[in-house]
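# A closer look at the structure
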Amino acid sequence: MFIAWGDELTFLYNDAYAEILAHKHPAALGRPFKQVWADIWSDIEPLISRALSGNATWSENLPLSMDRRGFVEETYWTFSYSPIRDDDNVIAGMFCSCMETTAQVMAHRQSDAERQRLFKMSRDLFGVATFDGYLTSINPAWSLALQRPEEELLSQPFSEIIHPDDLETTVEVLKVLERGEPAHQFFIRLLKSDGEAVSFAWSAVPGGGGDAGVFYTVGRDMTEDLRREEMLRQSQKMEAVGQLTGGLAHDFNNLLAGISGSLELIEARVAQGRTAEVSKFVTAAKGAANRAAALTHRLLAFSRRQTLAPKPTDVKRLVNGMGDLIARTIGPQIELETINAAGLWPSLIDPNQLENAILNLCINARDAMPEGGKITIETANRWMDATSAKERGIDPGQYISVCVSDTGVGMPPEVQAKAFDPFFTTKPLGVGTGLGLSMIYGFAKQSGGSVSIYSELGQGSMVCVYLPRHLGTFDEHDLPEERAAAPRGDGETVLVIDDEPTVRMLVGEVLADLGYNAIEAEDGPSGLAVLESSARIDLLITDVGLPGLNGRQVADAGRLQRPDLKVLFITGFAENAVLSHGHLDPGMHVMTKPFALDALGTKIRELIEAPQRS
């Protein structure tokens, strides 16, 4: 600090100010202010005059070009001038408290320059935009990424370069910013000049103070990240296929051996005239085929692409009815107990898939108790509040639970964490597919429920399947009827389209045996030609996954000329995309391969006798 006193403003200062004077010290002491700072007098004289008139002044980062070391340098100062009064209250001088800020200003300038260089060099998109929809400042990365000139980007509303499907997201983000809140990690695609969409991950913050009405945003091109993510998914997919082949090859080879061996023995016995022994080999082949079908259903359940046939189900009756099957499967060394809740609610599910799920859980429990133990199947009604439902990944409401517990070895936490992963198994290589629990998980999720595992090492495990309560009508005394022989036809004509000759032959034989006329076609175009002819067609049976023109396309095209055409789709898997995501038009039905031939005959008669669709 210093004091300028008297008519000539004699300069008096402290030691700290002496450092500011540099080479002017000590000669400046006692000399007139105008002589000490002659090189900057024109800049500061108005401030001095104001202070001497009685008004204090304040300056922040005032630039002054001064000579204090034998050369002129650019300096910056923050200081105040205050008037000093004598004993008679007359202004006799002024007091200055000052600080040189040259270093700070220069550092800030350098920082701004560095930020500007980063702004220009960054591959990320930096921008300032207004809430009325225009960009006001952008870095060069915008033009580089979108192949659009800067003038175009700044002159048109930014909605013009946003993918139409992402405009709603943009509006929601703007609402957040207008409330004064930041928005982070949202995804909006921008359009290049040729119309190609580029995916960006964005963050944005609203301006404040003098920047009200604008927001600042930065976007990162996600193209390379998405490519790497897709490569990782593909790698994981191939790894999963590798894991799958071991278990499935083991299971299917055993099943195929049973089928092919039985057929060879049937052929040999027929050639020898020993037909009395044929029936047991037929039974063995059918059993192996049914087990193969169950294995493919497990795969479809895991992928959630199976065709479910949900209906109101008395789960208590279903569980009780499985007692003998489960007991034979787990063996005499394991005790089985079933505990059913009184007044158990019904559930709208596919009962066959629930049976498969319970049987799989019991087999897993058996394998966890090599020395024997106890399996308990317990059903109960459950009310899921918000907390319980969130823990299980379902909506709050009423559910039934089917829990299978054992007294086995239990599972460590790392095994529990992977238990529902596809292909994960703790069994020896080639013994299991690792699809059991993932199948159960897929079935439960597809049915609107969930699955949970509770386990402790050495104490056993419990797996609970939660299924939503059915509130519709349900006759608990409605027992399933035993399958009757397929009803016969009355000369009706059925068109069969399938690219697999064996399937066409089998379906044709069933139709002939039941008194129908069959017309066979090996692909979509030849089948469509029949539909477009004048031939009588009472029912169309077509595979869904035909090459080229698929079964759904054939049916839709056929109905243009035959609006009342009844259609039965047969398919090896649920073609949800072809079947309109599982929704069929009136008069259309589906059966999943493999199916029992007598069930096919019954379905054919049912469809032919059904009234015409309105």
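Further up the page is the structure itself.
The following refers to the structure shown. Nothing here was measured: the structure is a model prediction, and the numbers come from that model.

### A look at the packing of helix H17 (residues 524-531) against helix H18 (residues 551-561)
When two helices pack together, their arrangement is given by the angle between the helix axes and by the axis-to-axis distance. At a closest axis distance of 9 Å, the pairing of H17 and H18 adopts a crossing angle of 15°. When the axes of H17 and H18 are compared, the pair comes out roughly parallel. Crossing hand, H17 versus H18: right-handed. When H17 is examined against H18, the residues Gly524, Leu528 and Leu531 are found in contact with a partner set consisting of Val554, Ala557, Gly558 and Gln561. The residue inventory of the contact of H17 with H18, partitioned by class, reads four nonpolar, three polar and no charged.

### Remarks on the sheet that holds strand E12 (residues 334-339)
Read across the open sheet, the five strands follow the order E12-E14-E15-E17-E16; overall the sheet is mixed. Two strands lie at the open edges of the sheet, namely E12 and strand E16 (450-456), each paired on one side alone. On average, adjacent strands in this sheet sit at an angle of 20° to one another, irrespective of strand direction. Of the strand pairs in this sheet, E16 and strand E17 (residues 460-468) are connected by seven bridges, and their pairing is antiparallel. Within E17, the residue paired with Glu456 across the bridge is Gly460. Along the sheet, helix H11 (residues 323-330) contacts E12 and strand E14 (373-384); its crossing angle with E12, the most-contacted strand, is approximately 155°. Running at roughly 135° to E14, helix H12 (residues 351-367) makes contact with E12, E14, strand E15 (397-406) and E17 of the sheet.

### Notes on the state of the cysteines
According to the stated counting rule, one finds one disulfide in the structure shown. The side chain of Cys403 participates in a disulfide bridge whose partner is Cys464; the two sulfur atoms lie 2.0 Å from each other. Looking down the S-S bond of the Cys403 and Cys464 bridge, the torsion is 115°, so its handedness is right-handed. Of the two residues, Cys403 sits in strand E15 while Cys464 sits in strand E17, which places them 61 residues apart along the sequence. Take Cys403: its relative accessible area is 4%, and that puts it in the buried class. In this structure Cys98 is not part of a disulfide, and its nearest cysteine sulfur, from Cys96, lies 4.4 Å away.

So, how was this worked out
- Residues numbered from 1 in each chain as written.
- Predicted model: local features only at pLDDT ≥ 70, side-chain atom pairs only at ≥ 80, totals over all residues.
- Heavy atoms only, no water.
- Axes fitted to C-alpha atoms, helices over the stretch in contact; angles between N-to-C directions.
- Helix = DSSP H or I, 4+ residues; strand = E, 2+ residues; numbered from the N terminus.
- Parallel < 35°, antiparallel > 145°, perpendicular 65-115°, else oblique.
- Left-handed = near helix turned anticlockwise from the far one by under 90°.
- Contact = heavy atoms within 4.5 Å.
- Nonpolar A, V, L, I, M, F, W, Y, C, P; charged D, E, K, R; others polar.
- Pairing = 2+ DSSP bridges.
- Disulfide = S-S within 2.5 Å.
- Buried < 20%, exposed > 50% of the residue type's maximum accessible area, 1.4 Å probe, protein only.

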